[in-house]
Amino acid sequence: MRSQFRILITAGALALGSSSGTLDKPMDFGPDNPFYAPSTLPFLAPPFDKIKDSDYQPAIEAGMAEQRQEIREIADNPAPPTFANTFVAMEKTGQLFNRAMAAFSGVTGANLNPELQKVQDFEAPRLAAHHDAIFLDSKLFQRVAAIYKQRDALKLDSEALRLVEFYYKKFVHAGANLSDSDKAELKKLNEEESTLSHAFTTKLLAATKEGALVAKEKDALAGLSDAQITAAALAAKERKIEGYVIALQNTTQQPDLDSLHRRASRQALFENSWNRADRGGANDTRDTIARLAQLRAQKARLLGFRNYAAWKLEDQMAKTPDAALKFMDALVPGATARATGEAKDIQALINSQNGDSPGGTSQRGGFKLEPWDWNYYAEQVRKAKYDMDESQIKPYFELNHVLENGVFYAASQLYGITFKERKDIPVYNPDVRVFEVSEANGQPLALFYGDFFKRDNKNGGAWMSSFVDQSKLLGTLPVVYNVCNFSKPAPGEPALLSFRDVTTMFHEFGHTLHGMFADSQYPILSGTAVPRDFVEFPSQFNEHWATYPAVFSHYAKHHKTGAAMPAELAEKIKKAATFNQGYALTEILAAAELDMQWHTLSADTPLQKPDAFETAALQKTQLALSSVPPRYRSTYFAHIWGGDYGAGYYAYLWAEMLDDSAFQWFEDHGGLTRANGDRLRRMVLSRGNTQDLANLYKEWLGAEPSIEPMLKNRGLVEPVSK
Ligand SMILES: [Zn+2]
C-alpha cells in the first residue's frame, strides 16, 4: 500500500458519502493497457507516451478488484497469522492499483480534461468504499490484532514493529475494535457527519457568493486599480446586477481592503465577510456547526477518547490536544504584544492624517482603528518602508537560474546530490521537465519532474507528489514531481519569477527531498507519508535557503547581465518578511484556537450557541483583540467543518516551530555544509514515518523544538519599530 492512498480516501469519503454507482459497461483490461505490467522505463516512470485517457479507468477498476482479492486471500489464509503472511503481504498488495492511481492523480491535478474529470467524479466514492472494505474487514483485523498483541515476543526490527503498531492503530482508529452495535452507531454518526459537512460546504458556498459587496457607484470603489474596477463591473454583469460586485474570498480579511479609500466601503466589505454565514435563513451555518461539534465529540467517546481532538491527534507528532494547546498558549503573548504595538502605529498614522484619505471623507482628529482599517493603513506603512517594484526584482529571478543555481545548488551543497536533465523520459505535457538525481558517488537516487507553468487545466497553487514511492520491499526508487503555477513567458522570452514564486520552488523541493531521500522497507511508512503536523517541516525548512546569503548570491543574478542583485533590493526582500507579523500570527492563532476549543468539547456538553461560544473561546485564550479578528470565523471555517482539518489547523504553526528550530540549529552549527545536510538526511529526511516523530526530531536536534526561533524569524522578539 502506498501513502497517497490515504490522502485520496479522506477527500472522497467526506464529499461523496455512499453514492456508489455501477459501471456503464464492463471494462476491457488486458496486456494492451500500459498499466497492465510494471513500466519498463528507468525508475519505473509512467509511460506517458503510451497512456491514453481511456486507459486509466479500466486499470483503476482492475487494480481495485485485484487488491480486494489479495486482501481477501490474506484475511482468509488458513495458516496462523505471522508478520510475513499478514503485514508484509498487505504491503505488497495493490501494485497495479497504485501505479494507475499515481499517474491518474498526477494528470488530473495538473492536466485535467473533461474525459478524465468524468472518470474522477465516478471513481471518488468507489475509492472511498475500497478503502473502507479494507480497514473495516473484521477478519483481517483479527490477524492484525493477534500479531499486535504478541509483537514484543516476535523480535521484529524497529521498522517492522512500527508497521505493526501503525496498522493496528489505523484499524482501531477507524472503529475495527468496536462491538457490532457500536460499529452500527459509529456508521450512523459518520454518515451524519458526512451529510452535515457537505451541507456546511453547500451553505457556505452560497453564503460567500451572496455576501459579495455590491456598489452602485464607481466612487465607492475609489482606490482600486482600473483592472480591479473592470473586474468588479464584469462580476456585476455576470450576476445581472447594476454597478459593481466585489466577491468574497474565504478569509475574514479581503484583498481589496488594502486599497479601498472610502472607510464606509471598507466597513461594508468587511462586515459582509464577517457576517456572511450568520444572517439567519437558508445559508446560516450556525446550527450545522453546533451539531457537527457535538456529534464529533460523541463519535470520539464511542471510540474511547475524551474528545474529538484527542482522537484526531493520537497519530500526530503532537499526540495530544494539551500539547498543541500548550504550544499555542506560549505564542499568544509575543504575538498579541506585537499586534498591539502595530495597532498603535496604525492609530498614530490615522490620527496624523486626521482620518483623511484620498477620495474619502475626512474625520477631523481621526477615528478609532477597526479591523476594516487595518490592511489599508498597514499597506501604507509597508509601501513607505519596503516598497519593491516587481519589475525591478524579477529580472534577477529567472526560472532556470533559480532552479539550477538556487534550488538544486543548495541541495548539492547540503547533500552532495547532482542533477542531469533527461529529455528521453515521456511526459504528460510538453512543458514538463525531467531530471535524474544521483548520489555524490554517481549512484542513481530518483527521478524529479518539474511542471512549473500555469495552465487552464491545472489546479491552483503548488504541490508535490510521486508517481512511484520508494520501498526496499518492492525494490522501488522514488519518482517525484512538483507542480507550480508560474506565469508562462512568451516563446523565446525568459520566465521571470516573483520572490514569492522563488520561495514556492524551494518549498516544494523541500517535500521532494523528503520523498527522494526515503529509505524505508515498507511503502506505507515511506517518505512524506507522515502526520500533518510534521509533513510541512521539510518543505518549510528548505525555504530558509532561498534567502541564505551563499545561496541567494549564487542564483539572484540578472538574467541578461549576470550582475548580482543590488544589496539594497536584497535587503528589502528580507526585511519585508517580518512586516505586520504581530497581526499575521495573531489571526492564525485565533483561528487555530477556535478549532481546538470546538473540538475539545466533551460528548455530554449541550449544543453550543456559536456566537457566544466563539466570543468566550477567544477571551479564554487571550486572543480577543478588537482590531485583529480570527483569520476564519467559526461560521465560515471551511478547513475544519468542510475539510479534514478538524482539530488540525494548529499543524501549520507546529510545523513552523519545527522548521525554524531546525534552521536555527543549522545556523549554530556552520550553516550550509555537507556534514549538516547528511546528518539531517540520515536522521530525519530518510526516515519517513518509521519512528516516533517526536523522538526522531528530538534526537536530531538534541533538544525539544522551541518557539523562540519561530518568534525571532517572524521578527517578534525585537522591540516594535518606531
Ligand atoms: Zn507544503
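Residues numbered from 1 in each chain as written. Predicted model: local features only at pLDDT ≥ 70, side-chain atom pairs only at ≥ 80, totals over all residues. Heavy atoms only, no water.

**Some thoughts on the overall build of the protein**
- Looking only at helices and strands, the protein features 27 helices and seven strands.
- Taken over C-alpha atoms, the radius of gyration comes to 26 Å for the protein, in line with the 27 Å a tight globule of 722 residues would show.
- With the C-alpha coordinates aligned to their principal axes, the bounding extent of the protein is approximately 85 × 65 × 55 Å.
- Burial analysis of the protein (722 residues in total) assigns 54% to the buried set.
- For the protein, the accessible area works out to roughly 31,000 Å², and carbon and sulfur atoms hold 52% of it.
- Positive and negative side-chain charges of the protein, numbering 80 and 89 respectively, have mean locations separated by a distance of 1 Å. (Helix = DSSP H or I, 4+ residues; strand = E, 2+ residues; numbered from the N terminus. Rg over C-alpha atoms; globule rule 2.2 N^0.38 Å. Buried < 20%, exposed > 50% of the residue type's maximum accessible area, 1.4 Å probe, protein only. Areas by Shrake-Rupley, 256 points an atom, 1.4 Å probe, with all protein chains shown as cover. Lys, Arg positive; Asp, Glu negative; His and termini not counted. Charge placed at Lys NZ, Arg CZ, Asp CG, Glu CD.)

**Notes on the sheet that holds strand E4 (residues 433-438)**
- With respect to topology, five strands assemble into an open sheet ordered E3-E4-E5-E7-E6, the strand pairing being mixed. Edge positions in the sheet fall to strand E3 (418-421) and strand E6 (463-468), since each of these pairs with one other strand and no more. Averaged over neighbouring strand pairs, the angle between their axes works out to 30° when direction is ignored.
- Bridge count between E3 and E4: four bridges; the pairing is antiparallel. Each residue of the ladder has a partner; that of Phe419, found in E4, is Val437. (Pairing = 2+ DSSP bridges. Axes fitted to C-alpha atoms, helices over the stretch in contact; angles between N-to-C directions.)

**So, the environment of Trp372**
- As for its position among the elements, Trp372 is in helix H14 (residues 371-386).
- When neighbours within four sequence positions are excluded, Trp372 is seen to be in contact with Leu257, Arg263, Arg266, Gln267, Phe270 and Glu271. (Contact = heavy atoms within 4.5 Å.)

**A short note on the coordination of the zinc ion**
- Each protein donor to the zinc ion is listed here as His507 (NE2), His511 (NE2) and Glu536 (OE); together their distances run 2.1 Å.
- Taken in chain order, the donor set of the zinc ion reads H-x3-H-x24-E. Here His507 is found in helix H17 (residues 499-516), whereas its partner Glu536 is found in helix H18 (residues 532-543), with 29 residues between them in sequence. (Donors = N, O, S within 2.8 Å, 3.2 Å for Na, K, Ca; no water.)

**Side note on helix H22 (residues 610-620)**
- Residues of H22 that are buried include every one of Pro610, Phe613, Glu614, Ala617 and Leu618, and no others. Here the buried residues of H22 occupy an arc of 125° about the axis, which is enough to place them on one side. Exposed side of H22, more than 90 degrees from the buried face: Ala612, Gln619 and Lys620 are the residues found there.
- Contact partners of the buried residues in H22: helix H10 (263-274), helix H11 (286-302) and helix H21 (581-598).
- Following H22 by one or two positions, Gln622 has its phi on the positive side, about 65°. (Arc of directions from axis to C-beta.)

**Considerations on the pattern of salt bridges**
- Counted under the stated rule, the structure contains 38 salt bridges.
- Note that Arg455 and Asp451 form a salt bridge whose closest N and O atoms lie 2.8 Å from each other.
- Given a relative accessible area of 0%, Asp451 falls into the buried group.
- Between Arg633 and Glu614 there is a salt bridge, and its shortest N-O distance comes to 2.9 Å. Separated by 19 residues along the polypeptide, Arg633 in the loop between H22 and helix H23 (638-641) and Glu614 in helix H22 bring together distant segments of the chain. The same class applies to Arg633 as to Glu614, namely buried.
- One network of salt bridges, with partners in common, ties together Asp278, Asp284, Arg286, Asp611, Glu614 and Arg633. (Salt bridge = Lys/Arg side-chain N within 4 Å of Asp/Glu carboxyl O.)

**Let's talk about the packing of H17 against H18**
- Orientation of H17 relative to H18, taken along the N-to-C sense of each, is 130°, at an axis distance of 7 Å. Considered as vectors, H17 and H18 are oriented oblique to each other. Both H17 and H18 take part in a crossing whose hand is right-handed. Each of Thr503, Phe506, His507, Phe509, Gly510, His511, Leu513 and His514 in H17 lies in contact with H18, whose residues at this interface are Phe534, Val535, Glu536, Pro538, Ser539, Gln540, Asn542 and Glu543.
- Of the residues contributing to the contact of H17 with H18, the split by class is six nonpolar, eight polar and two charged. (Parallel < 35°, antiparallel > 145°, perpendicular 65-115°, else oblique. Left-handed = near helix turned anticlockwise from the far one by under 90°. Nonpolar A, V, L, I, M, F, W, Y, C, P; charged D, E, K, R; others polar.)

**Some points on the packing of aromatic side chains**
- Within this structure, the stated rule accounts for 60 aromatic pairs.
- Aromatic side chains Phe29 and Tyr36 sit 5.5 Å apart centroid to centroid with 45° between the ring planes, which places their arrangement in the tilted category.
- Among the residues examined, Phe29 registers a relative accessible area of 25% and is labelled partly exposed.
- Of the residues examined, Tyr36 reaches a relative accessible area of 42% and is grouped as partly exposed.
- Connected via pairs of aromatic rings, a cluster forms that spans Phe83, Phe87, Phe135, Phe141, Tyr148, Phe166, Tyr167, Tyr168, Phe171 and Tyr522.
- When the ring centre of Tyr636 is taken as reference, the NZ or CZ atom of Arg276 above it lies at 4.1 Å. (Phe/Tyr/Trp six-rings, centres within 6.5 Å; stacked < 30°, edge-to-face > 60°. Lys NZ or Arg CZ within 6 Å of the ring centre and 35° of its normal.)

**A few points about the nonpolar core**
- The biggest cluster of nonpolar side chains holds 135 residues, and the ones touching the most others in it are Phe397, Trp545 and Tyr555.
- Not counting residues within four places of it along the chain, the set of residues in contact with Tyr555 comprises Tyr396, Phe397, His401, Val402, Asn405, Gly406, Phe499, Val502, Phe506 and Ala546.
- Grouped together as the second largest cluster of nonpolar side chains are 32 residues, Ala45, Tyr56, Ile60 and Met101 included. (Core = buried A, V, L, I, M, F, W, Y, C linked by side-chain atoms within 4.5 Å.)

**Here we look at the side chain of Glu593**
- On the secondary structure map, Glu593 appears in helix H21.
- Buried charged residue Glu593 carries no salt bridge. Nearest counter-charge: Lys620, at 7.6 Å.
- The residues touching Glu593, leaving out its near neighbours within four places in the chain, are Leu325, Met328, Asp329, Thr621 and Leu623.

**Concerning the packing of helix H16 (residues 399-415) against H17**
- One way to put it is that H16 packs onto H17 with a least axis distance of 11 Å and a crossing angle of 40°. Relative to H17, the element H16 lies oblique. Both H16 and H17 take part in a crossing whose hand is right-handed. Of the residues in H17, those touching H16 at Leu399, Val402, Leu403, Gly406, Val407, Phe408, Ala410, Ala411 and Tyr415 are Val502, Met505, Phe506, Phe509 and Leu513.
- For the contact of H16 with H17, a count of residues per class yields 13 nonpolar, one polar and no charged.

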